Structures are given as structure tokens and as C-alpha cells.
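Commentary on secondary and tertiary structure
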Amino acid sequence: MIKFLLSFIWGACLGSFLTVITHRIQKDPMGIITGRSTCPHCKNKLKAQDLIPILSYIYYKGKCRKCENQIDKKYPIIELITAMLFAILTVKFTLIEILIISPLFILFLANVYQDAFTQQVESKLLYMLCVVSFIYGSWFFGHNINHVFIFGLIGFSFFYIQELLNENIIGDADSYVGLTIGFLFASMKTLTSIFIAYWIAVLTVVPYFYMKYKSIKNRKVALIPFLFTGFYLNLIF
């Protein structure tokens with residue numbers, strides 16, 4: 001229970017950092033490290049009591065402490081989801097291992113949240129994810145480097161070929177996430193992760209589009225969150 005709680009708290013803190021990344025990466029990349037968090041409405045610099053993940057949002061009822069304007073719900077959502085994801089990692093990894101793989105998850109989730117909320121992925125984050133995933137695949141997970149290359153290519157090609165056939169369905173970013181998954185698993189889990197992602201997308205997004213729009217034609221889907229889900233489930237189970 002302590003292990004679960006500590007990992008949850010750590011994940012919530014990382015989720016708070018991820019809100020900074022997703023907000024500033026396109027406007028001011030250096031601001032991720034050097035900038036101070038401010039209220040988007042009154043521009044007041046936030047203090048420690050305003051920045052406690054999840055709890056500050058609940059305590060101040062989702063409003064800025066100074067101007068009382070509503071704070072975007074995506075911030076506590078990101079913090080809570082990240083906290084839960086890290087807590088569940090305790091099923092498979094020790095706390096030390098979770099700390100070690102945190103940079104990988106930060107980069108992966110940064111791409112996930114950008115795609116989910118904006119359907120636009122910053123290329124810097126995407127390329128960094130590919131490089132880091134190669135390092136973790138060959139070092140942390142200990143895969144044969146030849147298998148890392150081969151299955152990375154398979155994951156990339158799976159989406160790239162689809163993009164060549166119909167660029168309106170698959171985006172460039174999906175190919176690089178396929179490359180990432182291939183680097184990390186370096187096995188047939190690369191393809192099973194992708195198939196899991198597709199099935200989850202079909203079973204959730206298609207009914208949603210039919211209910212809301214009565215059609216799925218020309219509807220774009222943020223696929224990276226589903227690809228991460230397939231990867232995560234394969235990683236844990």
C-alpha cells in the first residue's frame with residue numbers, strides 16, 4: 001500500500017510537470033525549465049499552495065486563488081491520470097525502477113496529452129521520445145540491439161505504409177510512436193500492442209462518432225493515446 005501511495009504521489013507531481021510541458025513546449029520551450037507558473041487569466045504568479053497536484057484544484061474549487069476565474073479541467077485530469085498510471089506500475093516494477101523509467105514515461109505521456117487535447121504533436125518531443133525509447137529498449141529492458149532495430153522498423157513501417165496509402169487516416173507522429181513501441185518491446189509485443197490499440201479505438205471512438213455525428217467519415221482520431229494504452233497494457237500484463 002505504501003509503495004502504491006508513493007508511486008501515486010510521484011505520478012501526480014510528474015503530471016503537474018506534464019501540464020507545464022504541454023502548455024509551453026510550442027510557445028516557450030525554455031520556459032519549461034526557467035519560467036514561473038501563472039494564472040492564465042490574471043497572470044498572477046502561482047505560489048506553492050496553488051501548485052499541489054490535484055489537491056489545490058479541489059481546495060480552491062477549480063478556481064484561481066486570486067481572480068477566482070475557472071481553471072481548465074485538463075490540468076487536474078492530466079495529474080490524476082498520470083498518478084494512476086504510475087501507481088499501477090507498482091504491479092510490475094519496484095520504486096527504484098519506476099524512478100528510472102520516469103523520463104521515458106514523461107516523454108511518452110507528453111506526446112499522448114498533446115495529441116489528445118490538441119491533435120498536434122511537437123516534433124521535438126516526438127524525436128526525443130524515439131531516442132530515449134531506443135536507449136531504454138537496449139539498456140533498461142536489455143533487448144538485443146538487432147531486435148530493437150528490427151522491431152522498431154516494423155512498428156514504424158506499419159503506420160508509414162498506411163500513411164502512404166491514405167494520409168488522411170494516419171499522421172506522421174503515429175509512425176514515430178510505432179517506432180518507439182518497437183524499440184521498447186523488440187518483440188512481437190510491438191504488433192500486439194498496436195492491435196490492442198486499434199481494437200480499443202474501434203470499440204470506443206466509432207460508437208462515439210456515430211452517436212454524436214451519425215458518421216465516422218472524415219473524422220480524425222487522436223491515435224497516440226490508444227497506442228500508449230496498448231503499450232501500457234502489454235508492459236504491465
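These lines cover the structure that appears in this document, whether it is placed above or below. Model, not experiment: these values are computed from the prediction. (Residues numbered from 1 in each chain as written. Predicted model: local features only at pLDDT ≥ 70, side-chain atom pairs only at ≥ 80, totals over all residues. Heavy atoms only, no water.)

Thoughts on the overall build of the protein chain
If you tally the helices and strands in the protein chain, you get 10 helices and zero strands. When the helices and strands of the protein chain are read in sequence order from the N terminus, they spell out α-α-α-α-α-α-α-α-α-α. Expressed as a percentage of its 237 residues, the buried residues of the protein chain come to 43%. A separation of at least 24 residues holds for 67% of the contacts in the protein chain among residues at least 6 apart in sequence. (Helix = DSSP H or I, 4+ residues; strand = E, 2+ residues; numbered from the N terminus. Buried < 20%, exposed > 50% of the residue type's maximum accessible area, 1.4 Å probe, protein only. Contact = heavy atoms within 4.5 Å.)

A short note on helix α7 (residues 145-165)
Compared with an ideal rise of 1.5 Å per residue, which puts 21 residues at 30 Å, α7 spans 30 Å between its outermost C-alpha atoms and is within 8% of the ideal. Of all bends in α7, the biggest is about 25°, found at Ser-157. Within α7, burial applies to Val-148, Phe-151, Gly-152, Gly-155, Phe-159 and Glu-163. (Expected span 1.5 Å × (residues − 1). Bend = angle between axes of the 7 residues up to and from the residue.)

Describing the environment of Val-132
For Val-132, the location among the structural elements is in helix α6 (residues 123-138). Since its relative accessible area comes to 19%, Val-132 is described here as buried. Here the alpha-carbon distance between Val-132 and Leu-104, two residues 28 residues apart in the chain, equals 6.5 Å. Sequence-distant contacts of Val-132, defined by excluding residues within four places in its chain, comprise Leu-104 and Leu-107.

Considerations on a nonpolar patch on the surface
Residues Trp-10, Ile-96, Leu-99, Ile-100, Val-131, Ile-135 and Trp-139 make up a contiguous nonpolar surface patch of roughly 680 Å² in combined accessible area. Among the elements of the structure, α5 (95-118) and α6 are those that each provide at least two residues to the nonpolar patch. For the nonpolar patch, the element with the highest residue contribution is α5, accounting for three residues. In this structure, Ile-135 sits in helix α6. (Patch = residues over 30% accessible without salt bridge, like charges linked within 9 Å, V, L, I, M, F, W, Y side chains within 5 Å. Areas by Shrake-Rupley, 256 points an atom, 1.4 Å probe, with all protein chains shown as cover. Salt bridge = Lys/Arg side-chain N within 4 Å of Asp/Glu carboxyl O.)

Focus: helix α8 (residues 172-185)
A rise of 1.5 Å per residue sets the reference length of α8, with its 14 residues, at 20 Å; its end C-alpha atoms lie 21 Å apart and thus fit the reference within 8%. Extensive coverage of α8 is indicated by the burial of 12 of its 14 residues. Among all positions in α8, only Ala-173, Asp-174, Ser-175, Val-177, Gly-178, Leu-179, Thr-180, Ile-181, Gly-182, Phe-183, Leu-184 and Phe-185 are buried. Backbone geometry just after α8 places Ala-186 at a positive phi near 50°.

Observations concerning the packing of helix α4 (residues 74-88) against helix α10 (residues 224-236)
Interaxial distance between α4 and α10 falls to 11 Å at its minimum, and their mutual angle equals 25°. Looking at the two axes, α4 sits roughly parallel to α10. Each of Met-84, Leu-85 and Ile-88 in α4 lies in contact with α10, whose residues at this interface are Phe-228, Tyr-232 and Ile-236. Partitioned by chemical class, the residues of the contact of α4 with α10 number six nonpolar, no polar and no charged. (Axes fitted to C-alpha atoms, helices over the stretch in contact; angles between N-to-C directions. Parallel < 35°, antiparallel > 145°, perpendicular 65-115°, else oblique. Nonpolar A, V, L, I, M, F, W, Y, C, P; charged D, E, K, R; others polar.)

Things to note about the pattern of salt bridges
All chains considered together, the criterion is met by one salt bridge. One salt bridge connects Glu-122 with Lys-124, and the closest N-O pair in it is separated by 3.2 Å. By relative accessible area, which is 46% here, Lys-124 ends up partly exposed.

A word on unusual backbone geometry
At Gln-119, a position not held by glycine, the phi torsion is positive, near 55°. With respect to the secondary-structure elements, Gln-119 resides in the loop between α5 and α6. Here Gln-119 falls in the partly exposed class, since its relative accessible area comes to 42%. With a phi angle near 50°, Ala-186 is a residue other than glycine that sits in the positive phi range. Note that Ala-186 resides in the loop between α8 and α9 (189-213). On the basis of relative accessible area, Ala-186 is assigned to the buried category, the value being 7%.

Observations concerning the packing of aromatic side chains
Considering all chains together, one arrives at 24 aromatic pairs under this definition. A centroid spacing of 5.3 Å and a plane angle of 75° characterise the contact between Phe-134 and Phe-183, whose relative ring orientation is edge-to-face. One end of the pair, Phe-134, is in helix α6; the other, Phe-183, is in helix α8, with 49 residues separating them in the sequence. Residue classification places Phe-183 among the buried positions, given a relative accessible area of 9%. Connected via pairs of aromatic rings, a cluster forms that spans Phe-86, Phe-105, Phe-108, Phe-185, Phe-228, Phe-231 and Tyr-232. The cationic tip of Lys-74 hangs over the ring face of Phe-117; the distance from NZ or CZ to the ring centre is 5.9 Å. (Phe/Tyr/Trp six-rings, centres within 6.5 Å; stacked < 30°, edge-to-face > 60°. Lys NZ or Arg CZ within 6 Å of the ring centre and 35° of its normal.)

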